Amino acid sequence: MSAQSRSAPAARADDGSRAPLRAAGAPVAKVIPLTRTRAVRGTFDYRLPRSGAESDDDPRIGIGSILRVPFGGRSAFGVVIDLAGHSELPPDRLAEPDAVLGSSIPAELVSLAAWMATEYCSTPARALGLVLPPGTLEGVRARRALVAELTEPGAGALTDAAARLTDGQRGLLERLQASGPRVAAELGTAALRRLESRGLVRLSHRERPRRPQDHAVGSVSAVSPALTGDQHAALQPILRALEGAERPPETFLLQGVTGSGKTEVYLQAVAATLAAGRSAIVLVPEIALTPQVLGRFQARFGDVVAVLHSALSVGERHDEWQRLRRGQARVCVGPRSAVFAPVVDLGLVIVDEEHESSYKHEGDPRYDARHVARERARAAGAVLVAGSATPRPESVVTGRRLRLPERIDGGAMPAVEVLDMRGRHHPLHPETRLALADLRRAGGKAIVMLNRRGWSNFLCCRSCGRVWVCPNCEVALVLHRGRTARSASGPARADPEGAAGLSGLIACHHCGHREPVPSRCGSCGSVSVARHGAGTERIEHELRDALGGDDFPIFRLDADSSGLEQRAATLQRFEQARSGALVGTQMVAKGHDFPDVALGVVLDADQTLRFPDFRAEERTFALVTQLAGRAGRGGDGGRVLVQTLAPDARPLEFARHHDSDGFLADELRRRRALGYPPFASLIRVVCSAEEEPLARRTAQAIADGLEAFDGAVLGPAPLFRLRGRARSQLVIKAADRAGAIAAVGRAVDRVGPGAARVGASVSVDVDPQ
């Protein structure tokens, strides 16, 4: 396609000056406009002036350049994906870009975005949106400041008794001598200007990067400890691959029990990568884990480590991204979006806790960072290392397994006891309450996990049976008390028998709708409003009432914790406490290393088994095993209590014996028989509209439009309403992954634009979680 001609104003260079656009010898740029609609497909041609001898300092246009272009009667941003010598239209019919932005996307990330658009049945524009330099479209630029530094005459003046210096001037020079260059405003610009006039100080404007705030958890050492025999044996194949002995580089699965020292293997692999002059990306599953992992890597490698995640300000992300792009930082640590870090010469990609479903992105394209990491490593000739104590069956069959079968301290794995909750109504089993009371008397620490936040699962009227549901989504509203009933650190109030009279709110965990807790039923007028189930808020309250005090503080960590800073502070306080309990959702089971935790408790352990998902048993096994791994790291083995309504469930039996290999072998046999991943691929297509018939018709049209391929189409089937829209879904199950993706992509491209015109939307989820 070609963009129609219109006059082109001069471009604005990165420093804000006016400069003409120049192309490096190519008169036509192939541009993808950054639009969200599926109806806009393919590239658009734009005419570029040829380079001239006077253009050496002009911004250059190449693959990955970000332009502002005339498009559809308005101005839009676009990304150059190719430079060509000709177009289907004559040059006088092509429009010129309005401006070129200072930042650009590395060519390898442009290629990665093109692969993602195809692999996840999305559009190139949406995929390119994921790899854009942070803040580029918002106009964020480098922060600059006036910086003062000591000159050679200034240093001499400090030792020259004849130098005419006031006490204040001498103090300024001494501070510059001790600290090196400093921001002038911190010392007094006027005084520094007078010293500059005498040649004693040099003032200059320099870039001043915005560095993320340090939220380190725990103390870390910069010294590399001696490796155990198992660690050494696991590291050697990785080092050989990094040296180039394997072509193409091998993919490794580092399977080690919790506390076996996987992180030290990662650190030494990164050290070898840096020694070879290459860069590394380290992925973690949660932002809450980033401070702990980042602290260990920064202690070992210093300022060459950068961090990227969504909790940073846009300015911080911009500057960290630029540090990586320039090669000033060569190790990037972060959650799934860090897989797009613009590192120079990628040599190693690490995916820690690779079993975690949080590596799956919810937006379009619905990428899986583990799969993207594999593709990025392949394209860069880099080594991929995925690690977990409870790896996915998919990873077991695709990576070379390296083993860490024992904890580095030589301690035994904690004893796991399964507690039968059938017939019990209190959220804590008597054995659990006794164990926590004993722990308090002994002055120990516990982690209590319930993978459900809030106070109660739902409210209902005892008289007519009404359940309070979200007006936008067909799900029950969850009772929360913490936001209004107490502060994050204040005491909890006594819990009345029923929900009536409770302060707080009831909220939807899907769309965010919230409303006050009802005092009476709106259907029958009854004041008998009951709460059902328990979440982390209530468990925190129960423990605080029964055990809490200055000698045994209770901490809570879940998605209701406001921000990374508060979560890191909670973990820091728990680590520093002499005793206490940490209550939370599954994030308390993810990668934390607290050597003095003696007791782990899993509440409602079979909760995930009740989901209609073939991964339900895998998730249950991983959740229990990971929480169990937080206990007993101090060498005494520890104890883990697992409360469940299904004490004989298969994953709980394997978790009780810490038998990851047995579970994986059994799970692979089951999946092979049923044709589930890794022996087949799944693709889910969800169609939504305000009215259910339109959503269903759109899904049926896509099903009818699927061309023949080696697989099956299940549905359309209804889904619960979400954010006010009815939904209908298809599930495609196929042995030929590429063929199924191509077939779904063609069908969606045919149906999607027409569906959008009548108010229906289509989303595709390859490898749904």
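Relevant structure appears above.
Residues numbered from 1 in each chain as written. Predicted model: local features only at pLDDT ≥ 70, side-chain atom pairs only at ≥ 80, totals over all residues. Heavy atoms only, no water.

## Some remarks on the nonpolar core
Note the cut-off: Think of a nonpolar core as a cluster: buried Ala, Val, Leu, Ile, Met, Phe, Trp, Tyr and Cys residues, connected wherever their side-chain atoms sit within 4.5 Å. Only protein chains enter the accessibility calculation, which uses a 1.4 Å probe. A residue is then buried if its area is under 20% of the maximum for its type, exposed if over 50%, and partly exposed in between. What counts as a helix is a DSSP run of H or I of at least four residues, what counts as a strand is a run of E of at least two, and both are numbered from the N terminus. For this analysis, residues touch if any pair of their heavy atoms sits within 4.5 Å.
Judged by nonpolar contacts, the single largest core of 73 residues is most densely connected at Ile-105, Leu-283, Val-685, Ile-702, Ile-732 and Val-744. With 8 residues, helix H21 (residues 737-757) is the largest single contributor of residues to this core. In this view, Val-685 contacts Ile-702, Ser-728, Gln-729, Leu-730, Ile-732, Val-744, Val-762, Ser-763 and Val-764; residues no more than four positions away in its chain are not counted. Counting residues in each nonpolar core, the second largest holds 32 residues, with Phe-252, Phe-297, Phe-301 and Val-333 among its members.

## Regarding empty space enclosed by the protein
Going by this rule: Definitions used for this entry: grid spacing 1 Å over protein atoms alone; cavity, a set of points where a 1.4 Å probe fits but cannot get out; pocket, an open set with protein on both sides within 12 Å along at least 5 of 7 lines; lining residue, one with an atom within 4 Å of a point. Grid points are joined across faces, edges and corners, and a volume is the space filled by probe spheres set on the points. Throughout, the ten residues Ala, Val, Leu, Ile, Met, Phe, Trp, Tyr, Cys and Pro are labelled nonpolar, Asp, Glu, Lys and Arg are labelled charged, and all others, Gly among them, are labelled polar.
Across all of its chains, the model carries 3 cavities of 30 Å³ or more by this definition. Its boundaries defined by the atoms lining it, the largest cavity holds a volume of some 70 Å³. Lining the largest cavity we find Ile-32, Pro-33, Thr-35, Thr-37, Val-40, Arg-41, Gly-42, Thr-123, Pro-124 and Ala-125. Elements with a contribution of two residues or more to the lining of the largest cavity: strand E4 (28-33) and helix H2 (124-131). Partitioning the lining of the largest cavity into residue classes produces 5 nonpolar, 4 polar and 1 charged.

## Some words on the pairing of strand E28 (residues 580-584)
Under the convention used in this document: Should DSSP find at least two bridges between two strands, the strands are taken to pair.
Burial of E28 is extensive: 5 of the 5 residues sit out of reach of the surface. Because side chains alternate across E28, one face comprises the buried residues Gly-580, Leu-582 and Gly-584, and the other comprises Ala-581 and Val-583, equally buried. Two strands pair when backbone bridges link them, and strand E21 (residues 445-449) and E28 are joined in this way by 5 bridges, in the parallel orientation. The partner of Val-448 across the bridge, within E28, is Val-583. As judged from the 4 bridges shared by strand E27 (residues 554-557) and E28, these two strands associate in the parallel manner. Pairing of Leu-557 across the sheet is with Gly-584, part of E28.

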